[in-house]
Amino acid sequence: MEKSINMKQPTKPIIQLKSLTLNQMNNEIFHNISLTINSGEFVYLIGETGSGKSSLLKVLYAEIEATEGDIKITNINLNTITESKIPKIRRKLGVVFQDFQLLSDRNVYDNLSFVLQATGWKNKKDIKNRIYEVLESVHLEKTERKMPYELSGGEQQ
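Residues numbered from 1 in each chain as written. Predicted model: local features only at pLDDT ≥ 70, side-chain atom pairs only at ≥ 80, totals over all residues. Heavy atoms only, no water.

Q: What is the right way to look at unusual backbone geometry in this model?
A: Within the chain, M25 stands out as a residue other than glycine whose phi angle is a positive 50°. As for its placement among the helices and strands, M25 is situated in the loop between β1 (13–24) and β2 (27–38). Taking the relative accessible area as the measure of exposure, M25 reaches 79% and is therefore exposed. With a phi angle near 60°, H139 is a residue other than glycine that sits in the positive phi range. The residue H139 is located in the loop between α4 (124–137) and α5 (153–156) in this model. (Helix = DSSP H or I, 4+ residues; strand = E, 2+ residues; numbered from the N terminus. Buried < 20%, exposed > 50% of the residue type's maximum accessible area, 1.4 Å probe, protein only.)

Listed below in structure tokens is the structure:
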């Protein structure tokens, strides 16, 4: 007699929030948020205007500090992180910003190259290969020389 056991791979927490609260200028933005996001999960953050979505993201990438609670990104405690380690955290997160953050004086290729260099990429061939890989993955391989104003909002994002 054979038995089949379905063993799922254990999931690894990437983001862990526990009892997170944020106050800004005497206003409570959110209170007592607890959340775990595991490796491989794809998460949407939706809510009404002014509900704290952008503020939560800013806490996650260490632009602002939470008032209370514990937050870990890839097992790095943001409550005790030093300023010099923040770029390391940001390299591990993928955030699509509402205001795209494109430099208007540079084309698509140069915008992407700038970001890669700013996050520690040094080898020009590796940068070029990564840019073409990314553009191809989002079906924008023919936009590399376009300026931001020549792209639709979706293409910019």
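There's more to say after this.
Q: Is there a simple way to explain helix α3 (residues 108–118) in this structure?
A: Within an α-helix, residues lying three or four positions from one another point in the same direction, as the helix has 3.6 residues per turn. Of the positions making up α3, those classed as buried are V108, Y109, N111, S113 and L116. Looking at where α3 begins, the residue whose side-chain oxygen comes 3.1 Å from the main-chain nitrogen of Y109 is N107. Where α3 ends, the next residue or the one after it, G120, has phi of about 105°, a positive value. (Polar contact = N/O pair within 3.5 Å; in protein donor to acceptor, adjacent residues only side chain to side chain.)

Q: Can you help me understand the pattern of salt bridges in this one?
A: Close approach of charged atoms lets side chains of opposite charge pair. This structure, assessed with the given rule, holds three salt bridges. In this structure, R130 engages E133 in a salt bridge whose closest nitrogen and oxygen atoms are separated by 2.4 Å. With R130 and E133 both in helix α4 and three residues apart, this pair spans about one turn of that helix. Overall, the relative accessible area of 30% leaves R130 in the partly exposed class. Between E144 and R145 there is a salt bridge whose closest N-O contact spans 3.9 Å. Accessibility expressed as a relative area gives 17% for E144, which makes it buried. (Salt bridge = Lys/Arg side-chain N within 4 Å of Asp/Glu carboxyl O.)

Q: Where do I start with the side chain of N107 in this structure?
A: Examined against the element boundaries, N107 turns out to sit in the loop between α2 (86–92) and α3. By relative accessible area, which is 10% here, N107 ends up buried. Reaching out from N107, the side chain makes a polar contact with the backbone nitrogen of Y109 at a distance of 3.1 Å.

Q: What's the story with helix α1 (residues 53–60) in this structure? I'm lost.
A: Looking only at α1, the buried set comprises S55, L56, V59 and L60. The buried side chains of α1 occupy one side of the element, clustering within an arc of 145° when seen end-on. In the segment just after α1, A62 is the residue with positive phi, at about 60°. (Arc of directions from axis to C-beta.)

Q: What is the right way to look at the sheet that holds β2 in this model?
A: Strand pairing in a sheet relies on backbone hydrogen bonds, with the paired strands running either antiparallel or parallel. Pairing within the open sheet is antiparallel, and its four strands lie in the order β2-β1-β3-β4. Two strands lie at the open edges of the sheet, namely β2 and β4 (76–77), each paired on one side alone. Pairing of strand β3 (residues 68–73) with β4, which is carried by two bridges, proceeds in the antiparallel orientation. Following the sheet pairing, K72 is matched in β4 by N77. (Pairing = 2+ DSSP bridges.)

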